[in-house]
Amino acid sequence: MGSQTPLKLPVIDFTTPGALNQGSPEWDSVKVQVREALEEYGCFEAVYDELSLELRKAHFGVVEKLFDLPTDVKKLNVYEKPFHGYRGHYPDVFETMEVDCANVLQQVEENFINKFWPQGNPDLSKTIHSFSRQVAEFDGVVRRMVLESLCIEKYWEEHMNSTDYVLTVNRYLPSQNGDESHLGLLSHTDKTTTSLLFGKDLDGLEIQTKQGDWINVKLSSANSLFYMAGDALYAWTNGNLFNAIHRVMMRGNITRYTTGLFSVPKEGYMVTVPEELVDEEHPLQFKPFDHFEYLKFLAEHFDPSSIVPEVSNIKTYCGT
Ligand SMILES: O=C(O)CCC(=O)C(=O)O
Ligand SMILES: [Fe+2]
């Protein structure tokens, strides 16, 4: 037997000239790669240089500043929505904070930064907002490609107008016991429509394939980000696009900072599978659902202060 090819996640290059011009041959080629990657793996590395390295660096500077605040101050990050706000899991190993509607400057200021700095901190607010707005723009491009590729582009505007963006910032700390490796975040699927993840190289993030193998993510360039489909996109596309299970394994004595921009359907909007994706061969798999009610369902069944559940629960919630 020859040696086995190591398992690799798809890498898609959005920096090719023309790739971002809708309708160009390069756009059409990238959109097929995007759909195929999301169908098979539920994720891909995107090489994207429109988001400047300076802005990425400034953003992570803010992330570190936020986590350096005293815990009592971090706890001021509260929202009424389930799974929102400051949470520390496995005390001393993982912390996370959320910024609701992070692509809207006023929301970043009033509902996030001003809670920690009551006099305001315009530089920090602007950095978080610019980062989130530009990442959200890229999400819009990818979703246009996906919808075009599934021949349902007529839903794109409705799809985007019914989207909110939540920014999360995460800090993983080294094991206190000197373990060589430890679990940073338990296996889960994202509850989102899409998740766009950033970190130094995201080493430690592991994705489970449909065949059950785990693949470590290690971004190949400083211009890369990691794109994933969550429960809501899986359901909306009638199971076409895969919501991969993933986890974080921490190795070595490092502190790991990551950030994710999560797109989620707005409260009250009914996520409904497009009729074009349903036929005799592909019967309807999901009933229309309000994503906010789905979050409430999860919060009722799982302790929101604990790690998210092991498997996707969207089928339990609204499967036909
Ligand atoms: O920090 C990471 O690499 C992944 C984070 C993640 O999976 C999440 O926030 O849902
Ligand atoms: Fe996740």
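The rules we used
Residues numbered from 1 in each chain as written. Chains lettered and ligands numbered in written order. Predicted model: local features only at pLDDT ≥ 70, side-chain atom pairs only at ≥ 80, totals over all residues. Heavy atoms only, no water. Helix = DSSP H or I, 4+ residues; strand = E, 2+ residues; numbered from the N terminus. Buried < 20%, exposed > 50% of the residue type's maximum accessible area, 1.4 Å probe, protein only. Contact = heavy atoms within 4.5 Å. Lys, Arg positive; Asp, Glu negative; His and termini not counted. Charge placed at Lys NZ, Arg CZ, Asp CG, Glu CD. Donors = N, O, S within 2.8 Å, 3.2 Å for Na, K, Ca; no water. Phe/Tyr/Trp six-rings, centres within 6.5 Å; stacked < 30°, edge-to-face > 60°. Lys NZ or Arg CZ within 6 Å of the ring centre and 35° of its normal. UniProt positions renumbered as here; feature names shortened; annotations may be inferred. Pairing = 2+ DSSP bridges. Axes fitted to C-alpha atoms, helices over the stretch in contact; angles between N-to-C directions. Near = heavy atom within 4 Å. Polar contact = N/O pair within 3.5 Å; in protein donor to acceptor, adjacent residues only side chain to side chain. Areas by Shrake-Rupley, 256 points an atom, 1.4 Å probe, with all protein chains shown as cover. Nonpolar A, V, L, I, M, F, W, Y, C, P; charged D, E, K, R; others polar.

## Notes on the overall build of the chain
Here is step 1: Counting secondary structure elements, the chain contains nine helices and 14 strands.
Here is step 2: Counting the 320 residues in the chain, one finds 55% classified as buried.
Here is step 3: When contacts within the chain are restricted to residue pairs at least 6 apart in sequence, long-range pairs at least 24 apart make up 75% of them.
Here is step 4: Averaging the locations of the 28 positively and 47 negatively charged side chains of the chain gives two centres separated by 4 Å.

## Overview of the coordination of the iron ion (ligand 2)
Here is step 1: Coordination sphere of the iron ion (ligand 2), protein contribution only: His188 (NE2), Asp190 (OD) and His246 (NE2), at 2.1 Å.
Here is step 2: Binding-site remark: the iron ion (ligand 2) is held by donors from one chain whose sequence spacing is H-x1-D-x55-H. Of this pair, His188 sits in strand S6 (residues 181-188) while His246 sits in strand S11 (residues 246-251); the two residues are 58 residues apart in sequence, bridging distant segments of the chain.
Here is step 3: Overall, His246 belongs to the buried group, its relative accessible area being 4%.

## Brief notes about the packing of aromatic side chains
Note on aromatic pairs: each is described by the distance of the centres and the angle between the planes.
Here is step 1: If you walk through the whole model with that rule in mind, you get 14 aromatic pairs.
Here is step 2: Centroid distance Tyr234 to Phe286: 5.4 Å. Interplanar angle 70°. Geometry classified as edge-to-face. In this pair, Tyr234 is assigned in helix H7 (residues 231-236) and Phe286 in the loop between strand S13 (270-271) and strand S14 (289-290), connecting sequence segments 52 residues apart.
Here is step 3: Residue classification places Tyr234 among the buried residues on the basis of a relative accessible area of 12%.
Here is step 4: For Phe286, a relative accessible area of 1% corresponds to the buried category.
Here is step 5: On the numbers, 5.4 Å between centres and 40° between planes, the contact of Tyr294 with Tyr317 is tilted. Of this pair, Tyr294 sits in helix H8 (residues 291-301) while Tyr317 sits in helix H9 (residues 314-318), and the two are 23 residues apart along the sequence.
Here is step 6: Pairwise contacts between aromatic rings join Phe14, Phe44, Tyr48, Phe138 and Tyr227 into one cluster.
Here is step 7: One residue, Arg144, lies across the ring of Trp156, its end atom 3.7 Å from the ring centre.
Here is step 8: Over the ring of Tyr172 we find Arg256, and its NZ or CZ is 5.0 Å from the ring centre.

## So, the UniProt feature "domain: Fe2OG dioxygenase" (unreviewed entry) in the chain
Here is step 1: The UniProt entry lists residues 162-265 under the feature "domain: Fe2OG dioxygenase" (unreviewed entry), expressed in the numbering used here.
Here is step 2: Structurally, residues 162-265 comprises 6% helix and 51% strand, and the distance from its first C-alpha atom to its last is 6 Å.

## A look at the environment of Leu150
Here is step 1: Assignment of secondary structure puts Leu150 in the loop between helix H5 (122-149) and helix H6 (156-161).
Here is step 2: Classification of Leu150 as buried rests on a relative accessible area of 13%.
Here is step 3: In sequence terms Leu150 and Ile314 are 164 residues apart; their C-alpha atoms lie 21 Å from each other.
Here is step 4: In this structure, Leu150 is in contact with Arg35, Glu39, Thr237, Asn240, Leu241 and Leu277, ignoring residues within four places of it in sequence.

## Comments concerning the sheet that holds strand S8 (residues 205-208)
Here is step 1: Reading across the sheet, the four strands line up as S6-S11-S8-S9 and stay open at both edges, with antiparallel pairing between neighbours. Strand pairing shows two members of the sheet lacking a second neighbour, S6 and strand S9 (214-216), which therefore form its edges. This sheet shows a mean twist of 25° between the axes of neighbouring strands, independent of strand direction.
Here is step 2: Note that S8 and S9 share three bridges and pair antiparallel. In the sheet register, Gln208 faces S9, and the bridge partner there is Trp214.

## Structural notes on the site of ligand 1
Here is step 1: Taken together, the neighbourhood of ligand 1 is formed by Asn170, Tyr172, Leu185, His188, Asp190, Leu202, Leu205, His246, Val248, Arg256, Thr258 and Phe262.
Here is step 2: Here an oxygen atom of ligand 1 sits 3.1 Å away from a polar atom, N or O, in the side chain of His246.
Here is step 3: Thr258 places a polar side-chain atom, nitrogen or oxygen, 2.8 Å from an oxygen atom of ligand 1.
Here is step 4: Burial of ligand 1 by the protein chains amounts to 94% of its free accessible area of 290 Å².
Here is step 5: Ranked by residue count, the leading element in the shell around ligand 1 is strand S12 (residues 256-265), at three residues.
Here is step 6: Among the residues making up the shell around ligand 1, the classes are represented as six nonpolar, four polar and two charged.

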